[in-house]
Amino acid sequence: MAEAITRTCSTQYDQSVLKALESKYLDTDHNEDYIKTAGIQIMHNLTSIKAGGITLPQCLALNYCHISKAGDAGRLHELCRRVRELDIAENDLKDWNEVVNIINQIPHLEFLNLSSNPLNCKMDLHPSPTTQFTSLKRLALNNTKVPWETTYDLLDIMPGVEELHLSLNDYRNIPSTPNNKTYPQLHLLQFNENHISQWEQLCPLGRAFPQLTSLILIGNKICGKITPEVTANFPKLCCLNLTNTCMQSWEELETLNNFPALVDVRLQGIPFCENMQEKERRQLCIARLGNVTRLNGSQVKDTEREDAERAFIRYYMDSATKPERYDELIKKYGHLDRLAVVDLRPPNNVKITLQFEEKSEVMFISVKQTIKEFKRRMAKFACVPSTKLRLFYGDQDINMPGCESWQELLYHTRMVYTLQVKDGDRFMLVRR
């Protein structure tokens, strides 16, 4: 049945959106095959028939269909009157006029994914003031190499876009908008794996999008301290993703505090602290970022923050050079006592009783040896070759003093400490 449900686009090249969606969603021969294969009446979950016409689902995915144009406008408009999301990534669209033609025929479109189409050209058309696609809220242009000039033109004719995806576009320099125009409607920008290495390069983004609340910078080689001059351009930024970036020190990390509204940070894959234990790394990050309430996707509760800040004080109390944050936390908690060191590791040596026939002896043994090594040493006590002896362990029952449950030790590569031997336990040698 799975094969019957799966539908792919036609392999025809230079295809239109109309032809691709008819091939994928309206292929009646395909539906008949499905009926025969499944042996049941088909339910049109992909398409529905209303008032004598066919209505497509609200979310369309037409990837890898070799789409390069819109197709018949009237027919496309008729079929897509209910469509709200269109994913046409990984196709052959090269002309922005065709993109505009597609959007024109989908009146309620809210999400458009154009990723991995070769749209690295400027938009030639000059839309009139009446050309406005106000329903669009989310636009994905990843790996299109779209020029910045065209990006700003798109935002001019899509005044409702709140979420913009511009990853993998090889951006190095970000120009200011024409006439310093701003786009206050945009709240989220995904900007992964571009060529940003300095925070100052991002300032034009902050000026263009003054209401930006979420900035995702995964995989950029960005490093350096963040100055107040930079953060002044991001007054509303509350969520920042710096996973797999090149931050080089705790001092750089602390400058994240310069963002006035930042409360949600992702800091995974940061080289300078990758070798630390996860708990220690998280605690040190929380302690240094006093305003953060969510770190790496997990909420920072008040109890966790207090534990982290106290751990931070103890971490640096013996350091000759202490970070500025240390003095701030001393004022908050005062000077703390060192935690008592409690060694919960099992002892290396235990006191046992070894028995062989009529004789027995109390001795100390090392638990850091194999059963084979232990047996060979104990054979000297019996004056019998170890190959002619069997070794038993008697675990003293703490609930029933004086009672032992004996087990033969057959696995010679096993370590003695895995038996959890305690003082007072017994071992017994028996001839084969």
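All values reported here derive from a predicted model rather than from experimental measurement. (Residues numbered from 1 in each chain as written. Predicted model: local features only at pLDDT ≥ 70, side-chain atom pairs only at ≥ 80, totals over all residues. Heavy atoms only, no water.)

Quick word on helix H5 (residues 96-104)
All of the buried residues along H5 are Trp96, Val99, Val100, Ile102 and Ile103. What you see down the axis of H5 is that its buried residues fit within an arc of 155 degrees, all on one side. On its buried face, H5 sits against helix H2 (17-25), strand S5 (67-69), strand S6 (85-87), strand S7 (111-113) and helix H6 (148-157). The residue sitting at the N-terminus of H5 and contributing the capping side-chain oxygen is aspartate 95; that oxygen lies 2.8 Å from the backbone nitrogen of asparagine 97. (Buried < 20%, exposed > 50% of the residue type's maximum accessible area, 1.4 Å probe, protein only. Helix = DSSP H or I, 4+ residues; strand = E, 2+ residues; numbered from the N terminus. Arc of directions from axis to C-beta. Contact = heavy atoms within 4.5 Å. Polar contact = N/O pair within 3.5 Å; in protein donor to acceptor, adjacent residues only side chain to side chain.)

A look at the side chain of arginine 281
Tracing the sequence through the fold places arginine 281 in helix H10 (residues 278-288). No salt bridge is formed by the buried arginine 281; its nearest oppositely charged neighbour, glutamate 274, is found at 4.4 Å. For arginine 281, the side chain forms a polar contact with the main-chain oxygen of cysteine 273, separated by 3.2 Å. Within polar-contact distance, the side chain of arginine 281 engages the backbone oxygen of methionine 276 at 2.9 Å. Each residue touching arginine 281, except ones within four places of it in the same chain, is listed here: Trp250, Cys273, Glu274 and Met276. (Lys, Arg positive; Asp, Glu negative; His and termini not counted. Salt bridge = Lys/Arg side-chain N within 4 Å of Asp/Glu carboxyl O.)

Brief notes about the packing of aromatic side chains
The relation between two aromatic rings is expressed through the spacing of the ring centres and the mutual angle of the planes. Counted under the stated rule, the structure contains 13 aromatic pairs. For the ring pair tyrosine 152 and tyrosine 183, a centre distance of 6.2 Å and an interplane angle of 5 degrees mean the geometry is stacked. Of the two residues, tyrosine 152 sits in helix H6 while tyrosine 183 sits in the loop between strand S9 (163-165) and strand S10 (188-190), which places them 31 residues apart along the sequence. Each member of the pair, tyrosine 152 together with tyrosine 183, is buried. For the pair tyrosine 171 and phenylalanine 191, a centre-to-centre distance of 5.8 Å together with 15 degrees between the ring planes defines the contact as stacked. (Phe/Tyr/Trp six-rings, centres within 6.5 Å; stacked < 30°, edge-to-face > 60°.)

Focus on the layout of surface pockets
Rolled over the atoms, a probe sized like a water molecule indicates the empty space that remains. If you add up the space inside the largest pocket, you get close to 240 Å³. Lys225, Glu251, Glu254, Thr255, Asn257, Arg288, Gly290, Pro323, Glu324, Arg325 and Glu328 are the residues that line the largest pocket. Of all elements in the fold, only helix H9 (250-254) and helix H12 (324-333) reach the threshold of two or more residues within the lining of the largest pocket. No other element matches H12, which puts 3 residues into the lining of the largest pocket. Taken together, the residues that form the lining of the largest pocket break down as 1 nonpolar, 3 polar and 7 charged. (1 Å grid on protein atoms, 1.4 Å probe; cavity = no way out; pocket = protein on both sides within 12 Å on 5 of 7 lines; lining within 4 Å. Points joined across faces, edges and corners; volume = space filled by probe spheres on them. Nonpolar A, V, L, I, M, F, W, Y, C, P; charged D, E, K, R; others polar.)

Remarks on empty space enclosed by the protein
Using the criterion set out here, one finds 1 cavity of 30 Å³ or more in the structure. Split into classes, the residues belonging to the lining of the largest cavity amount to 5 nonpolar, 2 polar and no charged.

Details of a positive patch on the surface
Side chains of Lys372, Arg376, Arg377 and Lys380 sit close together on the surface and give a patch of like positive charge. Exposure remark for arginine 376: the relative accessible area of 44% places this residue in the partly exposed category. (Patch = residues over 30% accessible without salt bridge, like charges linked within 9 Å, V, L, I, M, F, W, Y side chains within 5 Å. Areas by Shrake-Rupley, 256 points an atom, 1.4 Å probe, with all protein chains shown as cover. Charge placed at Lys NZ, Arg CZ, Asp CG, Glu CD.)

Details of the environment of asparagine 220
Within the secondary structure, asparagine 220 sits in the loop between strand S11 (214-216) and helix H8 (228-231). For the pair asparagine 220 and glutamate 193, spaced 27 residues apart in sequence, the C-alpha separation works out to 4.9 Å. Within the structure, the side chain of asparagine 220 is placed 3.4 Å from the backbone nitrogen of isoleucine 196, a separation counted as a polar contact.

Section: the environment of threonine 144
By secondary structure assignment, the location of threonine 144 is in the loop between strand S8 (138-140) and H6. Threonine 144 has contacts with Leu114, Ser115, Ser116, Asn117, Pro118, Leu119, Asn120 and Asn169, leaving out every residue within four places of it along the chain.

Points about unusual backbone geometry
Notably, asparagine 296 is not glycine yet its phi reads approximately 55 degrees, a positive angle. Mapped onto the secondary structure, asparagine 296 falls in the loop between strand S14 (294-295) and strand S15 (298-299). Residues other than glycine seldom take positive phi values, yet cysteine 383 does so here, at roughly 60 degrees. By secondary structure assignment, the location of cysteine 383 is in the loop between helix H13 (371-382) and strand S18 (389-396). What makes cysteine 383 exposed here is its relative accessible area of 66%.

Side note on the sheet that holds S6
Strands sit in the order S4-S6-S7-S8-S9-S10-S11-S12-S13-S14-S15 across an open sheet of 11 strands; the sheet is mixed. Looking at the sheet topology across the chains shown, the edges are occupied by strand S4 (59-61) and S15. Inspection of the sheet shows strand S12 (residues 239-241) paired to strand S13 (residues 264-266) by 3 bridges, in the parallel sense. When the sheet's bridge partners are listed, cysteine 239 is paired in S13 with aspartate 264. (Pairing = 2+ DSSP bridges.)

Digging into the pattern of salt bridges
On inspection of all chains with the given rule, the structure shows 18 salt bridges. Across the pair arginine 282 and glutamate 304 runs a salt bridge, and its minimum N-O distance is 2.6 Å. Of this pair, arginine 282 sits in helix H10 while glutamate 304 is found in helix H11 (residues 302-316), placing the two residues 22 residues apart along the sequence. Assessed through its relative accessible area of 19%, arginine 282 is described here as buried. The partner of lysine 422 in a salt bridge is aspartate 425, with the nearest N and O atoms 3.8 Å apart. Judged by its relative accessible area of 32%, lysine 422 is partly exposed. When salt bridges that share partners are traced, they join Arg305, Glu309, Arg325, Glu328 and Lys332 into one network.

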